[in-house]
Amino acid sequence: KKPLVYVTRNIPTELSKAYEEKFTFFCWEEEETPVPREELRKHLQIADALICMVSDSIDKLLIKDADHLKIIANLAVGYDNICIEAAKSRGIIVTNTPDVLTETTADLGFALLLATARRLIEANNFIRQGEWKEWSPYLLAGADVHHKTIGIVGMGRIGKAMARRAQGFGMNIVYHNRSRDEAAEKELGVTYVSFHDLLNQADFVVSVVPFTHETKDMFNSHAFQMMKETAVFINISRGGVVNEADLIHALQSGVIQAAGLDVFKEEPIQKNHPLLQLPNVVALPHIGSASVETRTNMWKLCLDNVAAVLNGESPKTPV
Ligand code: GLV
Ligand code: GLV
């Protein structure tokens, strides 16, 4: 009997077909709703491999019942949605999709930074709503990006790719990371500073840190208070690193200028959420790595990892 690969979304058949002789694929076919937990649990009891999304919570209890599972392949670089300890204790390999999405995610990060600084979404809405009556000097005037200071929190692959883009804009680049990265400092001309100094100095504070116990709520009222009144906060990592109530307060009361957010504590964020009522917020539905090319490469990497593990080989990108 062929090993069973459970996929929590429709995998494009042109990608899975190369593997169909060896494996049986079973997909959750609904595009609009995620697989219900009970349904997922049932499939995990018999599956040999799982391909899952950031939006699937693969917790201890699900893993406990997954008697045949050998690999969990996350279609994402972040893996805070998976209980790594539980997987490890059962000998289940977890893989993610680093590298293939680095440049695409940094493109989105920079697009979001520019859109927030220069108020692109507000401007687009303004014109579509027929409000453009006259040209005027400060109409929708935003903040400059070029030659300002960017503070990158998390100097991993995506942080470095953000730094390369910032170089092109002539920006001064400071960063904070758990450990100093002297190679990056030489290569990219970035300066290591404490978290406190970064918040003090940066015109753009960009979160690229993974979500862990240490980073949970690190952007809270203390952090926002330390930022400039003109600061723009950008988050392309995980919503959990932000205290959203504190962010809302900071944006409403002018503690900081604006925020560009691709990620939220609860996803999907609801339409009536206070963050979405603020004119100085640009909000995106977690699309950091969402280019057609990169999503295809992420699927391929997941399939590659699954095939390796089911063949008894080492996967390319274990976490
Ligand atoms: C998406 O958020 C990812 O971690 O790849
Ligand atoms: C993700 O790949 C990161 O290291 O930033």
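Presented here is a report on the structure given in the accompanying data block. (Residues numbered from 1 in each chain as written. Chains lettered and ligands numbered in written order. Predicted model: local features only at pLDDT ≥ 70, side-chain atom pairs only at ≥ 80, totals over all residues.)

**Let's talk about the environment of Ile173**
Put simply, the rule is: To qualify as a helix, a DSSP run of H or I must reach at least 4 residues; to qualify as a strand, a run of E must reach at least 2; elements of each kind are numbered from the N terminus. Residue pairs are scored as contacts if the distance between their C-beta atoms, which are placed from the backbone, is within 7 Å.
Within the fold, Ile173 resides in strand E7 (residues 172–176). As a C-alpha pair, Ile173 and Thr215 span 42 residues in sequence and 21 Å in three-dimensional space. Those residues in contact with Ile173 that lie beyond four places of it in its chain are Ile150, Ile152, Ala163, Ala166, Leu188, Gly189, Val190 and Thr191.

**Topic: the nonpolar core**
Defined as follows: Joined through C-beta atoms within 7 Å, a set of buried Ala, Val, Leu, Ile, Met, Phe, Trp, Tyr and Cys residues constitutes a nonpolar core. Put plainly, a residue is buried at 20 or more neighbouring C-beta atoms within 10 Å of its own, exposed at 12 or fewer, and partly exposed in between, counting only other residues' C-beta atoms, which are placed from the backbone.
Ile152, Met162, Ile173, Val205, Val206 and Ile234 are the most contacted members of the largest nonpolar core, which totals 53 residues. With 6 residues, the single largest contributor to this core is helix H5 (residues 102–117). Leaving out residues up to four positions away in the same chain, Met162 has contacts with Ala106, Gly109, Phe110, Ile152, Val206 and Val208. One finds Tyr6, Trp28, Ala73 and Ala307 within the second-largest nonpolar core, a separate group that totals 42 residues.

**Regarding the pairing of strand E9 (residues 204–207)**
Stated precisely, the cut-off is as follows: At least two bridges found by DSSP between two strands is the condition for calling them paired.
The alternating pattern of E9 places Phe204 and Val206 and Val205 and Ser207 on opposite faces, both of which are buried. The sheet contact formed by strand E6 (residues 149–153) and E9 spans 4 bridges and is parallel. Looking at E9, one finds that Ile152 is bridged to Val206. Bridge count for E9 against strand E10 (residues 232–235) is 4 bridges, and the pairing is parallel. When the sheet's bridge partners are listed, Ser207 is paired in E10 with Asn235.

**Side note on the site of ligand 2**
Put simply, the rule reads: Residues are classed as near a molecule or strand if the C-beta position derived from their backbone is within 6 Å of it.
The local shell around ligand 2 consists of Val77, Pro98, Thr102, Gly156, Arg157, Ile158, Gly159 and Val208. When residues of the shell around ligand 2 are assigned to their parent elements, the largest contribution, 3 residues, is made by helix H7 (residues 157–168).

**Remarks on the site of ligand 1**
How we decide: Put simply, Ala, Val, Leu, Ile, Met, Phe, Trp, Tyr, Cys and Pro go in the nonpolar bin, Asp, Glu, Lys and Arg in the charged bin, and everything else, Gly too, in the polar bin.
Taken together, Val54, Ala76, Val77, Gly78, Leu101, Gly288 and Ser289 make up the full set of residues near ligand 1. Its residues assigned to classes, the shell around ligand 1 shows 4 nonpolar, 3 polar and no charged.

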